[in-house]
Amino acid sequence: MARANSSADRSHPKPACLAERSNPSQATDAQVHAIRAIASKAGVSLASELEQGYGVRNPNQLTIAQASQLIDSMKQNLAPSTV
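For the structure given in this document, a descriptive report is provided here. The numbers attached to residues start from 1 for each chain and follow its sequence in the written order. Confidence filtering applies because this is a predicted model: local features only for residues at pLDDT of at least 70, side-chain atom pairs given and counted only at 80 or more, and all residues used for totals across whole chains, interfaces and linings. Side-chain measures here rest on the full set of heavy atoms in the structure, leaving out hydrogens and waters.

Digging into the packing of helix α4 (residues 46-54) against helix α5 (residues 64-78)
Axis separation between α4 and α5 bottoms out at 12 Å; the angle between their running directions is 125°. In terms of orientation, α4 lies oblique with respect to α5. Considering the relative orientation of α4 and α5, their crossing is right-handed. Residue-level contacts link L46, E49, L50 and Y54 of α4 to Q66, Q69 and L70 of α5. Gly is put with the polar residues, along with every residue not named as nonpolar or charged; the nonpolar set is Ala, Val, Leu, Ile, Met, Phe, Trp, Tyr, Cys and Pro, and the charged set is Asp, Glu, Lys and Arg. Across the contact of α4 with α5, the residue classes tally to four nonpolar, two polar and one charged. Where helices are involved, their axes are fitted lines through C-alpha atoms of the stretch in contact, as for all axes, and angles between N-to-C directions lie from 0 to 180°. Numbered from the N terminus, helices here are DSSP runs of H or I no shorter than four residues, and strands are runs of E no shorter than two. These descriptions rest on fixed angle ranges, namely under 35 degrees for roughly parallel, over 145 for roughly antiparallel, 65 to 115 for roughly perpendicular, and the rest for oblique. Note on convention: the crossing is left-handed when the near helix lies turned anticlockwise from the far helix by less than a right angle, right-handed when the turn is clockwise. Between two residues, a contact is recorded if the distance between any of their heavy atoms is within 4.5 Å.

In structure tokens, the structure reads:
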């Protein structure tokens with residue numbers, strides 16, 4: 001019976017990305033890191049992009065969907081033009 005109790009006591013911890021965020025719909029740490037890295041590589045003013053496009057000052061304030069949209073948009077700016 002001790003075995004049954006020990007397995008019942010085991011809980012599944014939340015993934016680190018969910019445990020550290022105050023709001024589950026807020027951008028993940030990986031997204032925030034990617035946003036900063038891509039903006040730097042693309043020469044984009046991240047502060048201006050965030051203010052103008054999303055009304056926030058920090059990428060941590062974006063939702064997961066907004067962060068994904070911003071990442072996709074900035075990645076397109078990195079892609080070489082095929083004209």
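Comments concerning helix α3 (residues 29-42)
How far a helix is expected to stretch is found by multiplying one less than its residue total by 1.5 Å. Over its 14 residues, α3 runs 20 Å from end to end, which matches the ideal 20 Å to within 8%, given 1.5 Å per residue. Exposed residues in this analysis have more than 50% of their type's maximum accessible area, buried residues have under 20%, and partly exposed residues fall in between, with area computed by a 1.4 Å probe over protein chains only. What α3 keeps buried is the set Q31, V32, I35, I38 and A39. Angular distribution of buried residues about the axis of α3 spans 135°; they occupy a single face of the element. Relative to its buried face, α3 has exposed residues pointing more than 90 degrees away, namely A30, H33, S40 and K41. Of the residues flanking the end of α3, it is G43, one or two places downstream, whose phi is positive at about 70°. The arc in question is traced by the directions running from the helix axis to the C-beta atoms.

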